[in-house]
Amino acid sequence: MASPVVVVPYDPAWPETFRALRAVVVAALGDLPAAVEHVGSTAVPGLAAKPIVDLDVVVSTPADVPAAIARLAVAGYVHEGDLGIAGREAFRAPAGTPPHHLYLVVAGNRAHRDHVLLRDYLRAHPDAVRAYAALKLSAAERCRDDRDAYQAARRGFVEALIRVAEGETP
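This text gives an overview of the structure that appears in the document.

Procedures and definitions
Residues numbered from 1 in each chain as written. Predicted model: local features only at pLDDT ≥ 70, side-chain atom pairs only at ≥ 80, totals over all residues. Heavy atoms only, no water. Phe/Tyr/Trp six-rings, centres within 6.5 Å; stacked < 30°, edge-to-face > 60°. Buried < 20%, exposed > 50% of the residue type's maximum accessible area, 1.4 Å probe, protein only. Helix = DSSP H or I, 4+ residues; strand = E, 2+ residues; numbered from the N terminus. Axes fitted to C-alpha atoms, helices over the stretch in contact; angles between N-to-C directions. Parallel < 35°, antiparallel > 145°, perpendicular 65-115°, else oblique. Contact = heavy atoms within 4.5 Å. Nonpolar A, V, L, I, M, F, W, Y, C, P; charged D, E, K, R; others polar.

**What about the packing of aromatic side chains?**
Here is step 1: On inspection of all chains with the given rule, the structure shows 2 aromatic pairs.
Here is step 2: Measuring from ring centre to ring centre gives 5.3 Å for Tyr 10 and Trp 14, while their planes differ by 90°; the resulting arrangement is edge-to-face.
Here is step 3: Judged by relative accessible area, Trp 14 falls into the buried class, the value being 6%.
Here is step 4: With a centroid separation of 5.4 Å and an interplanar angle of 15°, the aromatic rings of Tyr 132 and Phe 157 are classed as stacked. Of this pair, Tyr 132 sits in helix α4 (residues 126-142) while Phe 157 sits in helix α5 (residues 147-168), and the two are 25 residues apart along the sequence.

**Here's the deal with the packing of helix α3 (residues 110-124) against α4**
A packed helix pair is summarised by two numbers, namely the angle formed by the two axes and the spacing between the axes.
Here is step 1: Two elements in contact, α3 and α4, have axes whose closest approach is 5 Å; the angle formed by their N-to-C orientations is 110°. In terms of orientation, α3 lies roughly perpendicular with respect to α4. Where α3 abuts α4, its residues Tyr 121, Leu 122 and Ala 124 lie against Pro 126, Ala 128, Val 129 and Tyr 132.
Here is step 2: Within the contact of α3 with α4, the residues separate by chemical class into 7 nonpolar, no polar and no charged.

The following block contains the structure:
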């Protein structure tokens, strides 16, 4: 049985959790050129979120993806494929680590752009943060035992924010 959907108020410890996880991932990648970015709701100060830190490992080219997958596997990450999102490779975190989602993306691809556009838009628009937090809290309450329904309840709002953010990006 899947764990219930739980959304909590923003935790100021999330950036430090990201930094600790980032250090582990950077060490695992070794000399492979990659950036590791904090994305998702825990990357937005003041935003209520599931207490699960999201990280994007950003490589320069598609040719770097297999090497990154192999190096992350050595560090205990289990590759799960794209989980239905083209251009984003997902990983199950090693046991004993703080709750987090790790994604591998190629710089500038759609999955990467969407993560960054949403994060940066929310960081710059407190009214959107308040509206999104209210939606997330309500959806978590209604859809506590149905992750797919929780995702569906947020999808239209998130897609609309990304479209607005694209319009603001030069």
